[in-house]
Amino acid sequence: RKIPAVHVAGTNGKGSVCAFMTSVLKKAGLRTGTFISPHLVEIRERFLINGEPAEKNAFEEAFETVKKQAEHMVEEGFCHPTFFEFLFYMAMVLFAREKVDVMVIETGLGGRLDATNVLESPKVCVITSISLDHTQYLGDTVELIAAEKAGIIKKSIPFVLGEANAAYDAVFEQVAAANKTRV
């Protein structure tokens, strides 16, 4: 809640948008924390501080913090976080400890039910192009998938759609209107 965020969802282009946003924010003099997936070589690539992978010690400390909390939650009767949830929680720990000025957060799967959707008041929500992806979870049409991705749109928060498409524009316009924002 304390760190401003840019929240990015979509089928294709999320990583590019996150890279562009991180670059622009860094150039503006802001210390950035960027959470992306997947990683290519090493898992720390998912946690970027000013565009660079988190340092090994900071990564390990965040892991231990989340691991202890997850164990406590399991003892309390809650489910253990999924792999993605665990990594997202680590990102939040890392970014708070690194005192970033702004976070750039990429969703993992969808939007509405994605772990990253705990962001209550991002500064802007961005949705890139939509196509058929993860149809077993998100739906078997671009309209259903768009509706899931639209779940990151928040009341009165600016919303940017990366690509207009007649197949799903109405979905975003309807959700934006219901949230008193515009596309």
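Before any of the text, the structure's been laid out above.
Predicted model only: the values in this text are computed from it and were never measured.

Q: Looking at this structure, I do not really get the overall build of the protein chain. What am I missing?
A: A count of helical and extended segments in the protein chain gives 6 helices and 7 strands. Mapped from its N terminus to its C terminus, the protein chain presents α and β elements in the order β-α-β-β-β-α-α-β-β-α-α-β-α. Relative to a compact globule of 183 residues, whose C-alpha radius of gyration would be 16 Å, the protein chain shows 16 Å and is just as compact. Considered along the principal axes of its C-alpha atoms, the protein chain spans approximately 50 × 45 × 30 Å. With 183 residues in all, the protein chain has 45% of them scored as buried. A separation threshold of at least 6 residues defines the contact pool for the protein chain, and within that pool the share at least 24 residues apart is 66%. As displayed, the protein chain offers around 10,000 Å² of accessible surface, 56% of which is attributable to carbon and sulfur atoms.

Q: What exactly am I supposed to notice about the side chain of Lys 14 here?
A: Mapped onto the elements, Lys 14 comes out in helix α1 (residues 14-27). Despite its burial, Lys 14 pairs with no opposite charge; the closest candidate is Glu 106, at 4.2 Å N-O. Setting aside chain neighbours within four positions, we find Lys 14 in contact with Val 8, Ala 9, Glu 106, Thr 107 and Thr 128.

Q: Sorry, what's going on with the pairing of strand β2 (residues 32-35) here?
A: Sheet faces and side chains relate simply in a regular strand, where the side chains alternate between the two faces. The two faces of β2 match: Thr 32 and Thr 34 on one face and Gly 33 and Phe 35 on the other face are all buried. Direction of pairing for β2 relative to strand β5 (residues 102-106): parallel, over a ladder of 4 bridges. The residue of β5 that forms the bridge with Phe 35 is Ile 105. Sheet topology places β2 next to strand β3 (residues 47-49); 3 bridges connect them, and they run antiparallel. Bridge pairing in β3 links Thr 34 to Leu 48.

Q: Could you clarify how one ought to interpret the layout of surface pockets in this entry?
A: To find leftover empty space, one rolls a probe the size of a water molecule over the atoms. Taken as a whole, the largest pocket holds about 440 Å³ of empty space. Taken together, 16 residues make up the lining of the largest pocket; nearest its centre are Arg 1, Lys 2, Ile 3, Met 103 and Leu 119. No other element matches the 4 residues that helix α3 (residues 83-97) contributes to the lining of the largest pocket. Looking at the lining of the largest pocket residue by residue, the class counts come to 11 nonpolar, 1 polar and 4 charged.

Q: Sorry, what's going on with unusual backbone geometry here?
A: Among all residues save glycine, negative phi is the norm, and among peptide bonds the norm is trans. In the segment running from Ser 37 into Pro 38, the intervening peptide bond is cis, with an omega of -5°. Position of Pro 38 relative to the elements: it lies in the loop between β2 and β3. One non-glycine residue with positive phi stands out, namely Lys 99, at about 50°. With respect to the helices and strands, the residue Lys 99 is situated in the loop between α3 and β5. The phi torsion at Ser 156 lies on the positive side, around 60°, for a residue other than glycine.

Cut-offs and rules
Residues numbered from 1 in each chain as written. Predicted model: local features only at pLDDT ≥ 70, side-chain atom pairs only at ≥ 80, totals over all residues. Heavy atoms only, no water. Helix = DSSP H or I, 4+ residues; strand = E, 2+ residues; numbered from the N terminus. Rg over C-alpha atoms; globule rule 2.2 N^0.38 Å. Buried < 20%, exposed > 50% of the residue type's maximum accessible area, 1.4 Å probe, protein only. Contact = heavy atoms within 4.5 Å. Areas by Shrake-Rupley, 256 points an atom, 1.4 Å probe, with all protein chains shown as cover. Lys, Arg positive; Asp, Glu negative; His and termini not counted. Salt bridge = Lys/Arg side-chain N within 4 Å of Asp/Glu carboxyl O. Pairing = 2+ DSSP bridges. 1 Å grid on protein atoms, 1.4 Å probe; cavity = no way out; pocket = protein on both sides within 12 Å on 5 of 7 lines; lining within 4 Å. Points joined across faces, edges and corners; volume = space filled by probe spheres on them. Nonpolar A, V, L, I, M, F, W, Y, C, P; charged D, E, K, R; others polar.

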